[in-house]
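# Remarks on the overall topology
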Amino acid sequence: MPKLIAANWKMNKTIKESISFIEEFKKITKNIGNAEIVVCPPFTLLHEIKKLLKNSDIKLGAQNMHFEDAGAYTGEISPLMLKEIGCEYVILGHSERREIFNEDDFLINKKTISALNHGLKPILCIGENLEQRKNAKTEEVIENQLRNCLKNIDKNQIAEITIAYEPVWAISRGDPNHRAATKEDAEEGHQFIRNIVAALYDENTAEKTRIIYGGSMKPENAKELLAMPNIDGGLVGNASLKAESFAEIVRAAK
Ligand code: PGA
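Criteria and thresholds
- Residues numbered from 1 in each chain as written.
- Predicted model: local features only at pLDDT ≥ 70, side-chain atom pairs only at ≥ 80, totals over all residues.
- Heavy atoms only, no water.
- Helix = DSSP H or I, 4+ residues; strand = E, 2+ residues; numbered from the N terminus.
- Rg over C-alpha atoms; globule rule 2.2 N^0.38 Å.
- Buried < 20%, exposed > 50% of the residue type's maximum accessible area, 1.4 Å probe, protein only.
- Contact = heavy atoms within 4.5 Å.
- Areas by Shrake-Rupley, 256 points an atom, 1.4 Å probe, with all protein chains shown as cover.
- Lys, Arg positive; Asp, Glu negative; His and termini not counted.
- Charge placed at Lys NZ, Arg CZ, Asp CG, Glu CD.
- Disulfide = S-S within 2.5 Å.
- Phe/Tyr/Trp six-rings, centres within 6.5 Å; stacked < 30°, edge-to-face > 60°.
- Lys NZ or Arg CZ within 6 Å of the ring centre and 35° of its normal.
- Pairing = 2+ DSSP bridges.
- Axes fitted to C-alpha atoms, helices over the stretch in contact; angles between N-to-C directions.
- Near = heavy atom within 4 Å.
- Polar contact = N/O pair within 3.5 Å; in protein donor to acceptor, adjacent residues only side chain to side chain.
- Nonpolar A, V, L, I, M, F, W, Y, C, P; charged D, E, K, R; others polar.
- Core = buried A, V, L, I, M, F, W, Y, C linked by side-chain atoms within 4.5 Å.

Attention now moves to the overall build of the chain. Within the chain, the secondary structure is distributed over 12 helices and 8 strands. Here the C-alpha radius of gyration of the chain, 17 Å, is about what a compact globule of 254 residues would show, namely 18 Å. Along the three orthogonal principal directions, the C-alpha set of the chain runs to about 45 × 45 × 35 Å. Classification of the 254 residues of the chain by burial places 54% in the buried group. Sequence separation of at least 24 residues holds for 72% of the intrachain contacts in the chain that already meet a minimum separation of 6. As displayed, the chain has an accessible area near 12100 Å², and 49% of this comes from carbon and sulfur atoms. One way to put it: in the chain the 34 positive side-chain charges average out to a point 5 Å from where the 37 negative ones average out.

What follows is the structure in structure tokens.
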């Protein structure tokens, strides 16, 4: 299974900025390896970027969605709209959605089921915050998030889901010098997640589930993180905003 390297641009970039990023990125990532590359820009850029990605292997993802197809939900975007515009992936349950916008596992589960029903591939984010880690609650938090967010999702559907382990304390929040998880800590989290997936489904399913790491992944640490046996890719925030640094991470994913 090729590694998946996804750019999470969060609330960044104008149309003009995104066009110059994609044009440069396409040039420097030609024949760059076999990683699957996904770009997840803000909603306002999806249409423009889809056009630019024509004839390219780079895939498009959104950063969030509502679980309903349509209706009176001011300010929301539906899975139908994301499909129509050409999204293949959608990030769900990001810690910023959980913390700032009060999304809980129950809602994220509904969104995950809805995405799957519409043929969108969820990148399901989980991870403990600093306080939980300090209180030795990491495993409990991750296990609960997984059990809740994967409720009523069967074995065949899980193949479409990528799990992103994003320890909240490792997320850069725009600080390029922020500390990532060590490769050992990240690997431990990934191994634990794989064990839970095996317990919820079976060993074979767990082996095939893609588990990617997010939290201050950058050119300087991508190679060592991506070399760990249970790390199947990366969800990259700050370091995905510049074409050269994101390309460097893609190169590290061989
Ligand atoms: P970061 O963000 O790479 O800037 O730490 C990752 C994320 O929040 O998805």
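Having seen the model, we can carry on.
Below, the discussion takes up the state of the cysteines. Per the stated rule, a full pass over the model turns up 0 disulfides. The thiol of Cys-40 is unpaired, and the distance to the nearest cysteine sulfur, on Cys-87, comes to 7.9 Å. Cys-40 provides the cysteine sulfur closest to Cys-125, a residue in no disulfide bond, and the two sulfurs are 9.3 Å apart.

According to the stated counting rule, one finds 3 aromatic pairs in the structure shown. On the basis of an interplanar angle of 75° and a centroid distance of 4.8 Å, the ring pair of Trp-9 and Phe-21 is categorised as edge-to-face. Taken as a pair, Trp-9 in the loop between β1 (4-8) and α1 (15-28) and Phe-21 in helix α1 lie far apart in primary sequence, 12 residues in all. Residues Trp-9 and Phe-21 agree in their burial class; the two are buried. Note on Phe-21 and Phe-25: the rings are 5.4 Å apart at their centroids and 25° apart in plane angle, and the pair reads as stacked. Highlighted residues: Phe-21 and Phe-25, both in helix α1, separated by 4 residues, approximately one helical turn. Like Phe-21, the residue Phe-25 is buried in the burial classification. An aromatic cluster of three or more residues is present, and its members are Trp-9, Phe-21, Phe-25 and Phe-246. A cation over an aromatic ring shows up here: Lys-13 above the ring of Trp-9, its NZ or CZ 5.2 Å from the ring centre.

Turning next to the sheet that holds strand β8 (residues 233-236). Each strand in a sheet pairs with another by means of backbone hydrogen bonds, the pair being arranged parallel or else antiparallel. Strand order in the closed barrel made by the 8 strands is β1-β2-β3-β4-β5-β6-β7-β8, with parallel pairing throughout. With strand direction ignored, the average angle separating the axes of adjacent strands in the sheet is 25°. Strand direction decides the pairing type here: strand β6 (residues 162-165) and strand β7 (residues 210-214), joined by 4 bridges, are parallel. Each bridged residue has a counterpart across the sheet, and for Ala-164 the counterpart in β7 is Ile-212.

All right, on to the site of the ligand then. Near the ligand, the surroundings consist of Asn-8, Lys-10, His-94, Glu-166, Ile-171, Ser-172, Gly-215, Ser-216, Leu-235, Val-236, Gly-237 and Asn-238. Separating an oxygen atom of the ligand from a backbone N or O atom of Ser-216 is a distance of 2.7 Å. For the ligand, whose free accessible area comes to 280 Å², the fraction covered by protein is 99%. Partitioned by chemical class, the residues of the shell around the ligand number 3 nonpolar, 7 polar and 2 charged.

Attention now moves to the nonpolar core. Of all hydrophobic cores here, the largest spans 68 residues; its most connected members are Ile-5, Trp-9, Phe-25, Ile-193 and Tyr-213. Residue contacts for Ile-193: discarding those within four places in its chain leaves Ile-126, Ile-142, Leu-146, Ile-163, Tyr-165 and Ile-211. If you look at the next biggest cluster of nonpolar residues, it comprises 11 residues, including Ala-6, Cys-40, Cys-125 and Leu-235.

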